[in-house]
Amino acid sequence: MKQSTSVLFVCLGNICRSPTAEAVFKRKASEAGLNIYIESAGTHGYHIGKPADKRSQAAGVERGYSFKGLKCRRVDESDFERFDYILAMDNSNFKNLLGMAPSQYQEKIKLFLDFADVEDKEVPDPYYGGKRGFELVLDLIEEASDGLIAHIKQAQ
Ligand code: 4NP
């Protein structure tokens, strides 16, 4: 059964940024009392079936988020019909999604940080960096999640 609102978070690998967004937004939406269906996916299929990156999990768990049951998958054609909001972590993911989506669904695709009050609208890929990169990912995702919750509350 389709719930009121659905959100798909998208990055490149679906093991660092978008599963972090899924974990953070699930908890924040639940705390806000919103009934939102939430998933994440990657534009590429390097790590299909794998759990979130251990470094993302460690940083997220430290802030109380759960990554249980999350499994890497690739964006699928049916996603463009199924989800109301398809939120890209960076400009490259955004462009790739626009290239994949049928024309009637293009407007569902946005940069996730459009919902955050920050100048640079990209969540930087932390994969090849150190712990600070994973903390920055969490900071940006927490802020954008609050903005998205406020936006959905207004729209409902
Ligand atoms: P993500 O990070 O897009 O935030 O999941 C990456 C994960 C894996 C790779 C690149 C980015 N990779 O090249 O394997």
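One can find the structure itself at the top, above this paragraph.
Residues numbered from 1 in each chain as written. Predicted model: local features only at pLDDT ≥ 70, side-chain atom pairs only at ≥ 80, totals over all residues. Heavy atoms only, no water.

Chemist: So what about the sheet that holds strand S4 (residues 109–111)? Which residues, and what values?
Modeler: Neighbouring strands of a sheet are bound in pairs by backbone hydrogen bonds; such pairs are parallel or else antiparallel. Across the sheet, four strands lie side by side as S2-S1-S3-S4; this open sheet has parallel pairing. Two strands bound the open sheet, and with one partner strand each, they are strand S2 (36–42) and S4. The mean angle between the axes of side-by-side strands here comes to 25 degrees, regardless of whether they run parallel or antiparallel. Pairing geometry for strand S3 (residues 85–88) and S4, over three bridges, is parallel. Across the sheet, the residue bridging to Ile86 is Ile109, located in S4. Where helix H5 (residues 131–155) meets the sheet, it contacts strand S1 (5–11), S2 and S3, and its direction lies at approximately 160 degrees from that of S3. (Pairing = 2+ DSSP bridges. Helix = DSSP H or I, 4+ residues; strand = E, 2+ residues; numbered from the N terminus. Axes fitted to C-alpha atoms, helices over the stretch in contact; angles between N-to-C directions. Contact = heavy atoms within 4.5 Å.)

Chemist: If you had to explain the site of the ligand to someone new, which residues and values would you point to?
Modeler: For the ligand, the full set of nearby residues is Cys11, Leu12, Gly13, Asn14, Ile15, Cys16, Arg17, Tyr46, His47, Asp125, Tyr127 and Tyr128. Between an oxygen atom of the ligand and a side-chain N or O atom of Arg17, the distance comes to 2.8 Å. Within the side chain of Asp125, a nitrogen or oxygen atom sits 3.3 Å from an oxygen atom of the ligand. Residue classes in the shell around the ligand are distributed as seven nonpolar, three polar and two charged. (Near = heavy atom within 4 Å. Polar contact = N/O pair within 3.5 Å; in protein donor to acceptor, adjacent residues only side chain to side chain. Nonpolar A, V, L, I, M, F, W, Y, C, P; charged D, E, K, R; others polar.)

Chemist: Could you give me a rundown of the pairing of S1, with the residues and numbers involved?
Modeler: Counting buried residues along S1, seven of its seven residues qualify, which places the element largely inside the surrounding structure. Of the two faces of S1, the one carrying Thr5, Val7, Phe9 and Cys11 and the one carrying Ser6, Leu8 and Val10 are both buried. Chirality of the crossover, the property in question, places the unit of S1, helix H1 (residues 17–31) and S2 among those that are right-handed. Looking at chain direction, S1 and S3 are connected through four bridges and run parallel. The residue of S3 that forms the bridge with Val10 is Ala88. (Buried < 20%, exposed > 50% of the residue type's maximum accessible area, 1.4 Å probe, protein only. Right-handed = clockwise from strand over helix to strand, strands pointing away.)

Chemist: Describe unusual backbone geometry, with residues and values.
Modeler: One non-glycine residue, Asn14, lies in the positive phi region at around 55 degrees. Within the secondary structure, Asn14 is located in the loop between S1 and H1. The exposure class of Asn14 is buried, given its relative accessible area of 2%.

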